[in-house]
There are 2 protein chains.
Amino acid sequence: MSNASITLYHYPLCPFSRMVRLLTAEAGVKVRLVEERAWNRRPEFLQLNPAGEVPVMVLEDGTALSGSGPISEFLAETGAASALMPDTPVERAEMRRIVAWFERKFDREVTRNLVTEKIDRRFMPKELGGGAPDAAAVRAGLANIRAHLKYVGYLAHRRNWLSGERLSLADLAAAAQLSCIDYLGHVPWGESAPAHAWYARIKSRPSFRPLLADQVAGMPPPPAYADLDF
Amino acid sequence: MSNASITLYHYPLCPFSRMVRLLTAEAGVKVRLVEERAWNRRPEFLQLNPAGEVPVMVLEDGTALSGSGPISEFLAETGAASALMPDTPVERAEMRRIVAWFERKFDREVTRNLVTEKIDRRFMPKELGGGAPDAAAVRAGLANIRAHLKYVGYLAHRRNWLSGERLSLADLAAAAQLSCIDYLGHVPWGESAPAHAWYARIKSRPSFRPLLADQVAGMPPPPAYADLDF
C-alpha cells in the first residue's frame, strides 16, 4: 500500500500510542501524527473510535483501526510488520503473552499509577478527573516497577529479545510502556543489568528517536531519558 | 491435533476463562477443566503462567498458552477456531477492536466493579484483598453496564453478529463478560431489545450450556440466568 496519507491519532505519553509509533517506524509505514487529548471526547474523534481512546490509525480510504493490538495484527497480516511476528503459532502465542503482560498487567500496576497520576491528570480538567496525583497510587507504581523490571531482566537474560531470537511486537510493547516511566525517571535501571542492556539496544534504534524528542509542557524529562548511555 | 488431554485452568466466574470455554466448545476442542483460584499463587500454577492469571491452556506436549487473546489467536491460526475469524484484515481489525472493547473497557468499567467486588472478594483471604464489596465500585458498575448494553444493542441492530455477518471471537468475548454480570442479575435486558435478542441467540448455543450450569457456593444465580426465555 502507499503510505502517503495514513494518519495516527496519538498522545505523546500514551504507551499504546508509542507502541504503534515504534511499530510503524520499524515497519517503514509513514504516518502523519495528530495529537489527540482523548479525555476531551471530541465528537469527530468518537466517530472514529467510540471507545474514545488513542491510538487510532486512519488508512487512506478512511478506514479507522483502533487500538494497538488490532493495529499491530493488521500491519502484520498485510505485510508491513510481518517481520515482527515470530514464525510458529506457539512462538506467536508466547509473543502475545508478553505483549499482554505489558499492555494489561504492567499498564495496570505501573503506568496508570505513575503516568496517569503524574502527567495525564495534570492536563485534564478537574471535572474529568484532573488534579493532584494520588500519593497511594504513586507509591504502588514505584513499588511495582521493581518486580516488572526484574521480569524484563529474566526474559532478556534467557533470550536475544524478549519473546525469542528476533525483535518482535513484545519488545515494542514493553519498551513503549517502560519509556513512559523512564520519562518520569522512575525506572531503577541499576537493579537489572540484563534489562538495562536490552533497553539500551532498543533505545538506540532509529525507530525510537522520535519518542526521545517528546516533551510534555512544563514537565521536561530527566537528562538520562534521551541519553543513549543512560 | 488430538484433543484428548488438553487442560484448561479456569475460574467459573472469570470472563476470560469463560471466553476460552465458549471458544473451545465452538471449535470442537475437548478440554479437561481444572478450577484454579489464581489469587492463591500456587507455585506450580505460577510456573505455567508467571502472571498468575487464568485462563491457561496446556497442550498435550506440555506447552502452556496463557491468556484469552493468545489462546484465541493460536486456535484460529492452527485451524480449530478459524471459522470464528472474519475473512479480511480490516474485518479482523474490527473484530479485535470489539474483543478489546469487552476485555479491556467493559472489564474495567463493569466486571471488576461487580464480579470482583461481589464474588471474588468473598472467596479471597482478607490479607489478599478479600472482604465486603466496595459500595462505590458497585454503584459505578451498575451505572456503567447501561451504557455498555446500549452499545451492544447498537452493534446488534446493525449487524447479524457483533462484528459482522458471522459469529466471531467478538461475540464470545462480549457474551463471556455479560454472562458474569448476568449471573449477578445485573444486566438490565429490558433496556435494549436488540441486545436482548443477540444474547438470547448466543445463550441458546450448545457451547453456552456448561456456563449456565456454573454455581458459586452460597451464591446461586437468579432463575433468569439459566433460562433461555429470560
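Residues numbered from 1 in each chain as written. Chains lettered and ligands numbered in written order. Predicted model: local features only at pLDDT ≥ 70, side-chain atom pairs only at ≥ 80, totals over all residues. Heavy atoms only, no water.

## Things to note about the overall build of chain A
And then number 1: For chain A, the helix and strand inventory stands at 8 helices and 4 strands.
And then number 2: Tracing chain A from N to C terminus, the helices and strands come up as β-α-β-α-β-β-α-α-α-α-α-α.
And then number 3: Compactness check: chain A gives a C-alpha radius of gyration of 17 Å against a globular reference of 17 Å for 230 residues, within 12% of the reference.
And then number 4: Within chain A, the fraction of its 230 residues that count as buried is 55%.
And then number 5: For chain A, the share of sequence-separated contacts (at least 6 apart) that also reach a separation of at least 24 residues comes to 70%.
And then number 6: Put simply, chain A shows about 9,600 Å² of open surface, and 54% of that area lies on carbon and sulfur atoms.
And then number 7: Taking the average location of the 28 positive side-chain charges in chain A and that of its 26 negative ones, the two points are 4 Å from each other. (Helix = DSSP H or I, 4+ residues; strand = E, 2+ residues; numbered from the N terminus. Rg over C-alpha atoms; globule rule 2.2 N^0.38 Å. Buried < 20%, exposed > 50% of the residue type's maximum accessible area, 1.4 Å probe, protein only. Contact = heavy atoms within 4.5 Å. Areas by Shrake-Rupley, 256 points an atom, 1.4 Å probe, with all protein chains shown as cover. Lys, Arg positive; Asp, Glu negative; His and termini not counted. Charge placed at Lys NZ, Arg CZ, Asp CG, Glu CD.)

## Looking at the packing of aromatic side chains
All names here are of chain A.
And then number 1: As enumerated under the stated definition, the model contains 22 aromatic pairs over all chains in all.
And then number 2: With a centroid separation of 5.7 Å and 90 degrees between ring planes, the pair formed by Tyr-199 and Phe-230 is classed as edge-to-face. Of this pair, Tyr-199 sits in helix α7 (residues 193–203) while Phe-230 sits in the segment after α8 (209–212); the two residues are 31 residues apart in sequence, bridging distant segments of the chain.
And then number 3: With a relative accessible area of 23%, Phe-230 lands in the partly exposed category.
And then number 4: Taken together, the ring pairs connect Trp-189, Trp-198, Tyr-199, Phe-208 and Phe-230 into an aromatic cluster.
And then number 5: In this structure, Lys-105 is placed above the aromatic ring of Trp-101, and the distance from its NZ or CZ to the ring centre is 5.5 Å. (Phe/Tyr/Trp six-rings, centres within 6.5 Å; stacked < 30°, edge-to-face > 60°. Lys NZ or Arg CZ within 6 Å of the ring centre and 35° of its normal.)

## Topic: the interface of chain B and chain A
And then number 1: In this complex, chain B contributes 26 residues to the contact, which on the side of chain A involves 27 residues.
And then number 2: Contact between chain B and chain A buries roughly 2,300 Å² in total, counting both sides, with carbon and sulfur atoms accounting for 59%.
And then number 3: For chain B, the biggest contributors to the area lost against chain A are Glu-77, Arg-96 and Arg-104 of chain B; these three give 22% of the whole.
And then number 4: Counting the contacts that link chain B with chain A gives 8 salt bridges.
And then number 5: Residue Arg-92 of chain B is joined to Glu-77 of chain A by a salt bridge in which the shortest nitrogen-to-oxygen separation is 2.9 Å.
And then number 6: For the pair chain B and chain A, the interface holds 8 residue pairs in polar contact (both at pLDDT 80 or more).
And then number 7: Put simply, the parts of the chain that give the side of chain B that touches chain A at least two residues each are β4 (64–66), α3 (68–77) and α4 (89–123) of chain B.
And then number 8: The dominant element in the side of chain B that touches chain A, judged by the number of residues it contributes, is α4 of chain B, at 13 residues.
And then number 9: In the side of chain B that touches chain A, the residues fall into 11 nonpolar, 3 polar and 12 charged. (Buried area = accessible area lost by both parts, 1.4 Å probe. Salt bridge = Lys/Arg side-chain N within 4 Å of Asp/Glu carboxyl O. Polar contact = N/O pair within 3.5 Å; in protein donor to acceptor, adjacent residues only side chain to side chain. Nonpolar A, V, L, I, M, F, W, Y, C, P; charged D, E, K, R; others polar.)

## Topic: the relation of the copies chain B and chain A
Between the two copies of the chain lies a relationship made up of a rotation around an axis and a movement along it.
And then number 1: Between chain B and chain A, which share one sequence, the superposing operator has a rotation angle of 180 degrees and an axial displacement of 0.0 Å; the RMSD is 0.0 Å. Look at the turn and shift together and you get a two-fold axis relating the two. Measuring from the rotation axis to each C-alpha of chain B, the shortest distance belongs to Arg-104 of chain B, at 4.1 Å.
And then number 2: When the interface residues of chain B are mapped onto chain A, 100% of them again fall at the interface, so both copies present the same face. (Least-squares fit on C-alpha atoms with pLDDT ≥ 70 in both.)

## Points about the pairing of strand β2 (residues 31–35) of chain A
Along a regular strand, successive side chains alternate from one face of the sheet to the other.
Residue and element names in this part refer to chain A.
And then number 1: Two strands pair when backbone bridges link them, and strand β1 (residues 6–10) and β2 are joined in this way by 5 bridges, in the parallel orientation. Across the sheet, residue Tyr-9 finds its bridge partner in β2, namely Val-34.
And then number 2: Between β1 and its parallel partner β2, the chain crosses via helix α1 (residues 15–27), and the hand of that crossover is right-handed. (Pairing = 2+ DSSP bridges. Right-handed = clockwise from strand over helix to strand, strands pointing away.)

## Some remarks on the pattern of salt bridges
And then number 1: Applying the stated rule across the entire model yields 36 salt bridges over all chains.
And then number 2: The partner of Glu-73 of chain B in a salt bridge is Arg-96 of chain B, and the shortest N-O contact between them spans 2.7 Å. Residue Glu-73 of chain B is located in helix α3, and its partner Arg-96 of chain B is located in helix α4; the two are separated by 23 residues in the primary sequence. Comparing Glu-73 of chain B with Arg-96 of chain B shows no difference in burial state: the two are buried.
And then number 3: Each member of the salt-bridge network shares a partner with another, and the members are Glu-73, Arg-92 and Arg-96 of chain A together with Glu-77 of chain B.

## Digging into the domain arrangement of chain A
All names here are of chain A.
And then number 1: One can read the domain layout of chain A as domain 1 (6–84) and domain 2 (89–215).
And then number 2: Using C-alpha coordinates to define each centre, domain 1 is positioned 19 Å away from domain 2.
And then number 3: Between domain 1 and domain 2, the residue contacts involve 21 residues of the former and 30 residues of the latter.
And then number 4: Summing both partners gives a buried area of about 2,400 Å² for domain 1 against domain 2, and 63% of it is carried by carbon and sulfur. (Domains from an automatic or database assignment.)

## Quick notes on the sheet that holds strand β1 (residues 6–10) of chain B
Whenever strands of a sheet pair, they do so through backbone hydrogen bonds, lying parallel or antiparallel.
All names here are of chain B.
And then number 1: Strand order in the open sheet formed by 4 strands is β2-β1-β3-β4, with mixed pairing between adjacent strands. Edge positions in the sheet fall to β2 (31–35) and β4, since each of these pairs with one other strand and no more. Each adjacent strand pair in this sheet contributes to an overall mean axis angle of 20 degrees, direction not counted.
And then number 2: Against the sheet, helix α1 (residues 15–27) touches β1, β2 and β3 (56–58), its axis set at about 150 degrees to β1. (Axes fitted to C-alpha atoms, helices over the stretch in contact; angles between N-to-C directions.)

## Structural notes on the sheet that holds β1 of chain A
Residue and element names in this part refer to chain A.
And then number 1: Across the sheet, 4 strands lie side by side as β2-β1-β3-β4; this open sheet has mixed pairing. Strands with a single pairing partner mark the edges of an open sheet, and in this sheet they are β2 and β4 (64–66). Mean inter-strand twist for the sheet, computed between neighbouring axes without regard to direction, equals 20 degrees.

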